[in-house]
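If you want the building blocks of each chain, they are given just below.
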Amino acid sequence: MNRLIARYIHENIDEILEKWKIKMEEEKDDRFFQVMSDQVIDHTAREFGELMISSLTEEKETYRGKLNEFSVQIVRFGWSVSFVLKTLSNFTEVIYENLEKAEYLNESNYKSYREILNNWLTPVTHSIVDAYSKVWEKTVSLQKIALQELSASLIPVFEKISVMPLVGTIDTERAKLIMENLLQGVVKHRAEVVLLDITGVPVVDTMVAHHIIQAADAVRLVGAKCMLVGIRPEIAQTIVTLGINLNDFTTTSTLQRGVEQALALTNRAIVEVNS
Amino acid sequence: MNLRSSVDIISEWDIVAARQLGRNEAKDIGFGTVDQARITTAISELARNIYLYAGKGNIEIKQITESKLKGLLVIASDSGPGIPDVRKVMEDGYTTSGGLGAGLPGVKRLMDDFKIETVVGEGTTISATKWLR
Amino acid sequence: MMTRIPILKLRDCLIVSIQWELDDQTALAFQEDLLNRLHTTAARGVVIDLTPIDFIDSFIAKVLGDVINMSGLMGAKVVITGIQPAVAITLIELGIRLENVVTALDLEKGLEKLERELEA
């Protein structure tokens, strides 16, 4: 029966394609036709037909190889995965409808036809989803690395005073890296006051506050004082609303204020020089 | 480079021996200074717990590999009185020795994976792993 | 094998430089020695430098905390210096914050800080 279907597809691929395109348009997926050129659509659909034939007639290994290649290719087009799966199942539907029309099907065998087509569609779906997930996972891990490379460094703005601008969200892993950088910087610069600037931190929830407090505690153990600067109005609101206790901290709203205070703490001030 | 080594904890000096072992193994695998400190401290805490509460026990340190990740596994086992209320012991701030109460929650924070198996009257086994990032 | 930690006197202050890993007995002996020294010298300040130390567990932390409190009772201020980043991180993760402990980056800054605190 497999050979029968295979041969049918092979002989009627053009008709199948036409019907499938109509079905796609019916489903109001006309962005499909906008995004891709007719040629590419045709070519890909035909390949899909070949793939079906291959699965029905060729060795499992050979088929699997072709399926893999096909999946990787589809992912490269960049369509949404649900869209791709819809087009595949539409294609299968069209074939089934056509087989019905061509009177291949009757009461006794329509169940087996249905089964063959389903058994065929399911692994293809899995393979496509698999290919998509691999790409997603790779992207996520690359972004993770990029985020870590955004690591903050401690800047020695004055003798005894260093600043660390924190940018972006701070999850537990980043927090660890930040803390290590911070402490090593304090020792290297022989800083007595450290200003943690959180102007660039979009969200300060209890978790982030916890990390900041831990970092400040560690700085204190190493022998320097830690100040928190760059507290935006929204952040101040969130902190108080969440009940986070930052009373052990010296805080200011701007880096400038913070630097002035740090200078005062280290017995210095900036004065205008008379020319 | 040993793949696994163990120290019996009977006297206070064994605590020192256990941490030396841990430090060396950690250095061997390639952990950085901060993780070395974490591992050494965790082992010291675990060994001390054995010494204080069970009187006698063993610390085993193993280099392990799991799906391409290398790590150090520390197994602290004793045949002491066991822990009757594990949840309470894992609460922060709970301490029976009057110490600073770093205890087991602290060890859990220092390491990556942490597991306690205990039977009252029979003993306790704590397994903790640190993975090389 | 108990090693005793050397305690030096500099003017009004005692200086302790801990050079090697502290085992429990050495730590306790040190506590005793320091308090005795405070008594005989009537020193008003102590700097304890931990630069070569690469880890501090809860027991050592407790001994240090006790030393500071005991010295306070005897009228001396204590500054702890040279806590390494790795040690600081480990202590914080263990949950030991050492909140009332005065710290400084190294021996030199520690002495400066002591002088400021004592003058106040």
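In this section: the overall build of chain C. What chain C contains, in helices and strands, is four helices and five strands. Secondary structure of chain C in N-to-C order comes out as β-β-α-β-α-β-α-β-α. For chain C, whose C-alpha radius of gyration is 13 Å, the value lies close to the compact-globule estimate of 14 Å for 120 residues. Overall, the C-alpha framework of chain C stretches about 35 × 35 × 25 Å when taken along its three principal axes. Residue pairs in contact within chain C that sit at least 24 positions apart in sequence constitute 82% of those at least 6 positions apart.

Our next topic: the confidence of the model for chain C. A low pLDDT means the predicted coordinates there should not be read in detail. All names here are of chain C. When pLDDT is averaged along chain C, the result is 91, and 98% of the positions lie at 70 or above. Mean pLDDT values over the elements of chain C span from 91, in helix H4 (residues 107-119), up to 96, in strand S3 (residues 45-49). Here the prediction assigns the complex a pTM of 0.74, and the interface score ipTM is 0.90.

Attention shifts here to unusual backbone geometry. Glycine aside, a negative phi is what most residues show, and trans is what most peptide bonds show. Residue and element names in this part refer to chain B. With a phi angle near 40°, serine 67 is a residue other than glycine that sits in the positive phi range. On the secondary structure map, serine 67 appears in the loop between strand S2 (57-66) and strand S3 (69-78). Classification of serine 67 by C-beta neighbours within 10 Å gives exposed; the count is 4. Phi at lysine 68 takes a positive value of approximately 70°, unusual for a residue other than glycine. Position of lysine 68 relative to the elements: it lies in the loop between S2 and S3.

This next bit is on the sheet that holds strand S1 (residues 155-158) of chain A. Residue and element names in this part refer to chain A. On the basis of which strands lie adjacent, the open sheet formed by five strands has the order S1-S2-S3-S4-S5 and mixed pairing. Two strands close off the open sheet at either side, each with one partner strand: S1 and strand S5 (250-251). Pairing between strand S3 (residues 193-200) and strand S4 (residues 225-229): five bridges, direction parallel. Residue pairing in the sheet places valine 193 in a bridge with lysine 225 of S4. Taken strand by strand, helix H7 (residues 172-189) contacts S1, strand S2 (161-167) and S3, and its axis lies near 165° from that of S2. Of the strands in this sheet, S1, S2, S3, S4 and S5 touch helix H10 (residues 255-265), which is tilted by about 175° from S3.

Okay, the interface of chain B and chain C next. Taken together, the contact between chain B and chain C spans 19 residues of the former and 20 residues of the latter. Top contributing element to the side of chain B that touches chain C by residue count: helix H2 (residues 33-54) of chain B, with nine residues.

We now examine the packing of helix H1 (residues 12-29) of chain B against H2(B). Residue and element names in this part refer to chain B. Two numbers describe how H1 lies on H2: the axes approach to 8 Å, and their chain directions differ by 155°. Between H1 and H2, the angle falls in the class roughly antiparallel. The handedness of the crossing between H1 and H2 is right-handed. Where H1 abuts H2, its residues Glu12, Asp14, Ile15, Ala18, Arg19, Gly22, Arg23, Ala26 and Lys27 lie against Asp35, Gln36, Ile39, Thr40, Ile43, Ser44, Ala47, Arg48 and Tyr51. Partitioned by chemical class, the residues of the contact of H1 with H2 number seven nonpolar, four polar and seven charged.

Another aspect to go through is the environment of A:Ile231. All names here are of chain A. Within the secondary structure, isoleucine 231 is located in the loop between S4 and helix H9 (233-242). Under the C-beta neighbour-count criterion, isoleucine 231 is labelled buried, with 21 such atoms within 10 Å. Setting aside its immediate chain neighbours within four residues, isoleucine 231 contacts Ile198, Ala236, Thr251 and Ser253.

Next up on the list: the pairing of S2(B). All names here are of chain B. For S2 and S3, the ladder comprises ten bridges, and the chain directions are antiparallel. Considered in S3, the bridge of isoleucine 61 is made with valine 74. Counted along the chain from S2 to the antiparallel partner S3, the turn is two residues long, and its residue serine 67 has a positive phi close to 40°.

What follows concerns the pairing of strand S2 (residues 13-17) of chain C. All names here are of chain C. Of all five residues making up S2, four are buried, and the element is well covered by its neighbours. Taken together, the four bridges between strand S1 (residues 7-10) and S2 define a ladder with antiparallel strand orientation. The residue bridging isoleucine 7 from the neighbouring strand is valine 16, located in S2. The antiparallel hairpin formed by S1 and S2 contains two residues in its connecting segment, where arginine 11 sits at a positive phi of about 50°. Once you follow S2 into helix H1 (residues 24-41) and on to S3, the crossover reads as right-handed.

Residues and elements named next belong to chain C. The five strands are arranged S1-S2-S3-S4-S5 in an open sheet whose pairing can be described as mixed. With one partner strand each, in any of the chains shown, S1 and strand S5 (102-104) form the two edges of the open sheet. Each strand axis lies, on average, 25° off the axis of its neighbour in the sheet, ignoring direction. Seen against the sheet, H4 touches S2, S3, strand S4 (77-81) and S5 and runs at an angle of roughly 155° to S4.

Time to look at H7(A). Between its terminal C-alpha atoms H7(A) stretches 25 Å, which fits the 26 Å expected from 18 residues at 1.5 Å a residue. What H7(A) keeps buried is the set A:Ile178, A:Met179, A:Leu182, A:Leu183, A:Gly185, A:Val186 and A:His189. Seen along its axis, H7(A) keeps its buried residues to an arc of 160°; they face one direction. Residues of H7(A) that are exposed and point more than 90 degrees away from the buried face comprise A:Glu173 and A:Lys188. For H7(A), the elements touching its buried residues are S1, S2, S3 and helix H8 (206-222) of chain A together with helix H3 (85-94) of chain C. Backbone geometry just after H7(A) places A:Arg190 at a positive phi near 55°.

Analysis parameters
- Residues numbered from 1 in each chain as written.
- Chains lettered and ligands numbered in written order.
- Predicted model: local features only at pLDDT ≥ 70, side-chain atom pairs only at ≥ 80, totals over all residues.
- Helix = DSSP H or I, 4+ residues; strand = E, 2+ residues; numbered from the N terminus.
- Rg over C-alpha atoms; globule rule 2.2 N^0.38 Å.
- Contact = placed C-beta atoms within 7 Å.
- pLDDT = per-residue confidence, 0-100.
- Buried ≥ 20, exposed ≤ 12 C-beta atoms within 10 Å, placed from the backbone.
- Pairing = 2+ DSSP bridges.
- Axes fitted to C-alpha atoms, helices over the stretch in contact; angles between N-to-C directions.
- Parallel < 35°, antiparallel > 145°, perpendicular 65-115°, else oblique.
- Left-handed = near helix turned anticlockwise from the far one by under 90°.
- Nonpolar A, V, L, I, M, F, W, Y, C, P; charged D, E, K, R; others polar.
- Right-handed = clockwise from strand over helix to strand, strands pointing away.
- Expected span 1.5 Å × (residues − 1).
- Arc of directions from axis to C-beta.

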